[in-house]
Amino acid sequence: MKQTLRGSILLLTLLLGLVIPARAESDLDFTLVNKTGYDIKEVYVGPTTSEEWGPNLLKETLKDGMALELKFHEKATAPKWDIKVVYTDGETAWWKGYGLAEIHKINLFWSKADGSTATTE
């Protein structure tokens, strides 16, 4: 049984310089699943076109095997999004260029051979 942490993303479109017609809030919402084998202490999501990450979306550690439901503000409309995590040992990893409007779940993986990879549903 997977435990779920709830998080929310509140990105202001104007602050990010995005001027695109607003979508329904649920269009970008997705579940992030930690299958890296390591505990994550910070999660950041930001538009691929931005160098700003915004706030850490975790209130507590996202242990290996746990899921985080991410909810977007209705004005968040970038076509591609990046994910950055910080593990409890301080190491960081990035996953880039996800079209969240077509994705409901992202499974994050890490292996010595492949590095950071992900699957989407």
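Residues numbered from 1 in each chain as written. Predicted model: local features only at pLDDT ≥ 70, side-chain atom pairs only at ≥ 80, totals over all residues. Heavy atoms only, no water.

(A) Broad picture of the nonpolar core. Core analysis: the biggest nonpolar cluster contains 26 residues, and L32, V43, V85 and I106 have the highest contact counts within it. Those elements giving two or more residues to this core turn out to be β2 (30-35), β3 (40-47), β4 (67-72), β5 (81-87), β6 (92-98) and β7 (105-111). Ranked by residue count, the leading element in this core is β5, at four residues. Leaving out residues up to four positions away in the same chain, V43 has contacts with L32, P55, N56, L57, L58, L68, K84 and V85. (Core = buried A, V, L, I, M, F, W, Y, C linked by side-chain atoms within 4.5 Å. Buried < 20%, exposed > 50% of the residue type's maximum accessible area, 1.4 Å probe, protein only. Helix = DSSP H or I, 4+ residues; strand = E, 2+ residues; numbered from the N terminus. Contact = heavy atoms within 4.5 Å.)

(B) Inspection of the confidence of the model for the protein chain at higher detail. Per-residue pLDDT for the protein chain averages 83, and the proportion of residues at 70 or more is 79%. Ranking the elements of the protein chain by mean pLDDT puts strand β1 (residues 4-9) last, at 40, and β2 first, at 98. Across residues 1-25, confidence stays below pLDDT 50; counting only partners more than four residues off in sequence or on other chains, it has 58 contacts. (pLDDT = per-residue confidence, 0-100.)

(C) Fine view of the pattern of salt bridges. On inspection of all chains with the given rule, the structure shows one salt bridge. K63 is the salt-bridge partner of D39, the closest N and O atoms lying 3.9 Å from each other. In this pair, D39 sits in the loop between β2 and β3 while K63 sits in the loop between β3 and β4, placing the two residues 24 residues apart along the sequence. A residue is classified by how much of its surface remains accessible, and K63, at 44% relative accessible area, is partly exposed. (Salt bridge = Lys/Arg side-chain N within 4 Å of Asp/Glu carboxyl O.)

(D) A look at the side chain of N107. Secondary-structure assignment places N107 in strand β7. In this structure N107 comes out as buried when scored by relative accessible area, which is 3%. A distance of 3.3 Å separates polar atoms of two side chains, one belonging to N107 and the other to E121. The contact partners of N107, leaving out residues within four places of it in the chain, are V33, K35, T117, A118, T119 and E121. (Polar contact = N/O pair within 3.5 Å; in protein donor to acceptor, adjacent residues only side chain to side chain.)

(E) How the structure looks around the sheet that holds β3. Strand order in this open sheet of three strands is β3-β5-β6, and the pairing throughout is antiparallel. Looking along the sheet, the strands with just one partner apiece sit at the ends: β3 and β6. Strand-to-strand twist of the sheet, defined as the mean angle between neighbouring strand axes without regard to direction, takes the value 15°. For β5 and β6, the ladder comprises five bridges, and the chain directions are antiparallel. Across the sheet, W81 pairs through a bridge with Y98, a residue of β6. (Pairing = 2+ DSSP bridges. Axes fitted to C-alpha atoms, helices over the stretch in contact; angles between N-to-C directions.)

(F) Molecular detail of the packing of aromatic side chains. Under the defined criterion, the tally for this structure stands at four aromatic pairs. Seen from their ring centres, F30 and F72 are 6.3 Å apart, and the 40° between their planes marks the pair as tilted. With F30 in strand β2 and F72 in strand β4, the pair connects residues that are 42 residues apart, well separated along the chain. In this pair, the class of F30 matches that of F72, namely buried. Where F72 meets W81, the ring centres are 4.9 Å apart and the plane angle is 75°; that geometry is what we call edge-to-face. Of the residues examined, F72 reaches a relative accessible area of 1% and is grouped as buried. (Phe/Tyr/Trp six-rings, centres within 6.5 Å; stacked < 30°, edge-to-face > 60°.)

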